[in-house]
Amino acid sequence: MAGDLDRETMEKAYARWAPIYDAVCGPVFEQGRRAAAQAARRVGGRILEVGVGTGLSFSDYDATTEITGIDLSEPMVAKARERMTSGAFPHVKDVRVMDAHDLAFPDASFDCVVAQFVITLVERPERVLDECARVARPGAEIILVNHLYSERGLAAAIERWFSKHAHTFGLRPEFPFARLEAWAANHGGAEVIERRRVGPLGVYSLVRFRKRGAGMAADPRRLAAG
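Chemist: Help me understand the overall build of the protein chain in this model?
Modeler: If you tally the helices and strands in the protein chain, you get six helices and seven strands. Starting at the N terminus and ending at the C terminus, the protein chain contains elements arranged as α-α-β-β-α-β-β-α-β-α-α-β-β. Put simply, 70% of the contacts in the protein chain that link residues at least 6 apart link residues at least 24 apart. As displayed, the protein chain has an accessible area near 10,600 Å², and 55% of this comes from carbon and sulfur atoms.

This is how it looks when you write it as structure tokens:
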């Protein structure tokens, strides 16, 4: 799809970001990150965090969870492993360098898959969502938090202008919620069960999918707006 990012751009961008990521992005993403982790804690069990980065989210989980993290960026994962050595996060079991387009886990391995500020940045978002669904158990949740494209108004016009320059920095601001809905509809085994805005100022959206299993009907209360 036109406008998607490529792997080389992302690797270069996050190699640049790694040394300053915690200081610069930590405060900006904090409310969205914590909202996603809170939703994941309600599910509990084995949680895969896609795009774990430097491990900033480790403190957002607790002993009711068992966290495995992956990230494409080796410098980011090195910082996450360094954070693990503190001994403060025994619930974090493993972090690996891995491409989210091709997860090296068996089918139905996790109770929940979380991707914070990731899905709008990967080269092929639908492929990544397919992989998230594959490694999720029936009844499991896939939880995303991201800035999603404003589809109308002044914000949309600004984002269209910004998108012309953003890819160099590893950003894709022109990603609409409709693309996530379309993926769920085409996949057939997942449904949107929640979409809501989270701070600061509602700029981020939290989206929850449920993976259906055999005999699980679609939820008639699924949310399409938030």
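Chemist: Sorry, what's going on with the packing of helix α4 (residues 125-135) against helix α6 (residues 177-187) here?
Modeler: The description of two helices packed together rests on the angle between their axes and the distance between the axes. Contact pair α4 / α6: the axes reach a minimum separation of 11 Å and the direction vectors enclose 50 degrees. Between α4 and α6, the crossing angle belongs to the class labelled oblique. Relative to α6, the crossing made by α4 is right-handed. Touching P125, E126, L129, D130 and A133 of α4 are R179, L180, W183 and H187, all from α6. For the contact of α4 with α6, a count of residues per class yields five nonpolar, one polar and three charged.

Chemist: How should the pairing of strand β3 (residues 92-97) be read in this particular structure?
Modeler: Every other side chain in a regular strand lies on the same face of the sheet, so the side chains alternate between the two faces. Relative to β3, strand β2 (residues 65-71) runs parallel, the two being bridged by five bridges. Paired with I70 across the bridge in β3 is R96.

Chemist: Help me out: how do you make sense of the packing of aromatic side chains in this one?
Modeler: Ring pairs (aromatic) are described by centroid distance and by the angle formed between their planes. Taken as a whole and assessed by the stated rule, the structure comprises four aromatic pairs. Ring geometry for F117 against Y204: centres 4.9 Å apart, planes inclined by 75 degrees, an arrangement best described as edge-to-face. A residue pair is termed long-range when its members are at least 10 positions apart, and F117 in the loop between β4 (110-116) and α4 and Y204 in strand β7 (residues 204-211) qualify at 87 residues. The residue whose ring lies beneath R46 is F110, and the NZ or CZ to ring-centre distance is 4.9 Å. Lying across the ring of F177, R195 places its NZ or CZ 4.0 Å from the centre.

Chemist: How should I be thinking about the nonpolar core in this particular structure?
Modeler: Generally speaking, a soluble globular protein has its nonpolar side chains buried in company with each other. L48, V50, V113, L180 and F209 are the most contacted members of the largest nonpolar core, which totals 32 residues. At the level of elements, β1 (45-50), β4, α4, β5 (136-146), α6, β6 (190-198) and β7 are the ones that each hand at least two residues to this core. For this core, the element with the most residues is α4, which contributes five residues. Apart from residues no more than four positions distant in its own chain, L180 is found in contact with I119, L129, L144, L148, F175, V207 and F209. With 23 residues, the next largest nonpolar core counts A36, A40, I143 and V145 among its residues.

Chemist: What is the right way to read the pattern of salt bridges from this model?
Modeler: Oppositely charged side chains are able to pair whenever their charged atoms sit close together. For the coordinates displayed, the defined rule picks out 15 salt bridges. Across the pair R33 and D60 runs a salt bridge whose closest N-O atoms are separated by 2.8 Å. With R33 in helix α2 (residues 21-43) and D60 in the loop between β1 and β2, the pair connects residues that are 27 residues apart, well separated along the chain. The exposure classification of R33 matches that of D60, with both residues buried. Residues R208 and E194 are paired through a salt bridge, measuring 2.8 Å at the closest nitrogen-oxygen approach. Here E194 lies in strand β6 and R208 lies in strand β7, a separation of 14 residues in the sequence. On the accessibility criterion, R208 (16% relative accessible area) is buried. Overall, the relative accessible area of 14% leaves E194 in the buried class.

Chemist: Please explain the side chain of E141 as it appears in this structure.
Modeler: Examined against the element boundaries, E141 turns out to sit in strand β5. Given the relative accessible area of 12%, E141 is considered buried. A distance of 2.8 Å separates polar atoms of two side chains, one belonging to E141 and the other to R208. Residues in contact with E141, not counting those within four places in the same chain, are V43, D111, C112, V113, I193, R208 and F209.

Chemist: For this particular structure, what's the right way to read the pairing of β7?
Modeler: Most of β7 sits inside the fold, with seven of its eight residues counted as buried. By the bridge criterion, six bridges tie β5 to β7 in an arrangement that is antiparallel. Within the sheet, the bridge partner assigned to I142 lies in β7 and is F209. In this sheet, β7 lies alongside β6 in antiparallel orientation, the contact comprising eight bridges. Bridge assignment links R195 to a residue of β7, and that residue is V207.

How each quantity is defined
Residues numbered from 1 in each chain as written. Predicted model: local features only at pLDDT ≥ 70, side-chain atom pairs only at ≥ 80, totals over all residues. Heavy atoms only, no water. Helix = DSSP H or I, 4+ residues; strand = E, 2+ residues; numbered from the N terminus. Contact = heavy atoms within 4.5 Å. Areas by Shrake-Rupley, 256 points an atom, 1.4 Å probe, with all protein chains shown as cover. Axes fitted to C-alpha atoms, helices over the stretch in contact; angles between N-to-C directions. Parallel < 35°, antiparallel > 145°, perpendicular 65-115°, else oblique. Left-handed = near helix turned anticlockwise from the far one by under 90°. Nonpolar A, V, L, I, M, F, W, Y, C, P; charged D, E, K, R; others polar. Pairing = 2+ DSSP bridges. Phe/Tyr/Trp six-rings, centres within 6.5 Å; stacked < 30°, edge-to-face > 60°. Lys NZ or Arg CZ within 6 Å of the ring centre and 35° of its normal. Core = buried A, V, L, I, M, F, W, Y, C linked by side-chain atoms within 4.5 Å. Buried < 20%, exposed > 50% of the residue type's maximum accessible area, 1.4 Å probe, protein only. Salt bridge = Lys/Arg side-chain N within 4 Å of Asp/Glu carboxyl O. Polar contact = N/O pair within 3.5 Å; in protein donor to acceptor, adjacent residues only side chain to side chain.

These results come straight from atomic positions and should not be treated as a statement about function.
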